[in-house]
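Structural overview for review
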Amino acid sequence: FEDVPAAMPDGISLLSMSRKDNKLILTGVSASNSRVSVFMSNLEQLKWLGNTTLQEIKAQNAPTLGNESNRSKEIMFTLQGDVTY
């Protein structure tokens, strides 16, 4: 699983990583939709992971300190892939 952090572009943070049977489930936040797409492409290059699909994506306000008018958006996402050996 050390390949997963190496596949993450800047602007992506993982909140959880779990495995159920042969499915790897990744949940995280991203600065943009395009970074999620790059992450998915990078994951597809891993020999042990295939069929990476986007299960959920939604925009939400990012937590900020101070001025509420300066709130930024972050993208919450869940990806799933098939673990192969």
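Being a predicted model, the structure only gives us computed values, none of them experimental. (Residues numbered from 1 in each chain as written. Predicted model: local features only at pLDDT ≥ 70, side-chain atom pairs only at ≥ 80, totals over all residues. Heavy atoms only, no water.)

Here we take up the overall build of the protein. Counting its secondary structure elements, the protein contains 2 helices and 4 strands. In the protein, the order of α-helices and β-strands from amino to carboxyl end is α-β-β-α-β-β. By residue count, 33% of the 85 residues in the protein fall in the buried class. Put simply, 54% of the contacts in the protein that link residues at least 6 apart link residues at least 24 apart. Carbon together with sulfur atoms contributes 50% to the accessible area of the protein, which is approximately 5,400 Å² in total. (Helix = DSSP H or I, 4+ residues; strand = E, 2+ residues; numbered from the N terminus. Buried < 20%, exposed > 50% of the residue type's maximum accessible area, 1.4 Å probe, protein only. Contact = heavy atoms within 4.5 Å. Areas by Shrake-Rupley, 256 points an atom, 1.4 Å probe, with all protein chains shown as cover.)

What follows deals with helix α2 (residues 33–44). Between the first and last C-alpha of α2 there are 17 Å, a value that for 12 residues agrees with the 16 Å anticipated at 1.5 Å per step. Listed in full, the buried residues belonging to α2 are Val36, Phe39, Met40 and Leu43. The buried side chains of α2 occupy one side of the element, clustering within an arc of 100° when seen end-on. If you follow the buried residues of α2, they end up packed against α1 (3–7), β1 (12–20), β2 (23–30), β3 (49–61) and β4 (73–83). (Expected span 1.5 Å × (residues − 1). Arc of directions from axis to C-beta.)

A few words on the nonpolar core. Residues Leu24, Leu26, Phe39, Leu43, Trp48, Leu49 and Leu79 are the most contacted members of the largest nonpolar core, which totals 15 residues. Looking at this core, the elements with two or more residues in it are α1, β2, α2 and β4. Leaving out residues up to four positions away in the same chain, Trp48 has contacts with Phe1, Asp3, Val4, Leu24, Asp82, Val83 and Thr84. (Core = buried A, V, L, I, M, F, W, Y, C linked by side-chain atoms within 4.5 Å.)

Glancing now at the environment of Ala6. Within the element layout of this structure, Ala6 appears in helix α1. Exposure remark for Ala6: the relative accessible area of 67% places this residue in the exposed category.

Turning to the environment of Ala59, a few remarks are in order. Assignment of secondary structure puts Ala59 in strand β3. For Ala59, a relative accessible area of 55% puts it in the exposed group. On a C-alpha basis, the gap between Ala59 and Val29 in space is 9.4 Å, while along the polypeptide they are 30 residues apart. If we ignore the near neighbours within four places in the chain, the residues touching Ala59 are Glu74 and Ile75.

Another aspect to go through is the packing of aromatic side chains. Across all of its chains, the model carries 1 aromatic pair by this definition. Between Phe39 and Phe77, the ring centres sit 6.2 Å apart and the planes meet at 75°, which makes this aromatic pair edge-to-face. Taken together, the positions of Phe39 in helix α2 and Phe77 in strand β4 put the pair 38 residues apart, joining distant regions of the chain. Given a relative accessible area of 0%, Phe39 falls into the buried group. (Phe/Tyr/Trp six-rings, centres within 6.5 Å; stacked < 30°, edge-to-face > 60°.)

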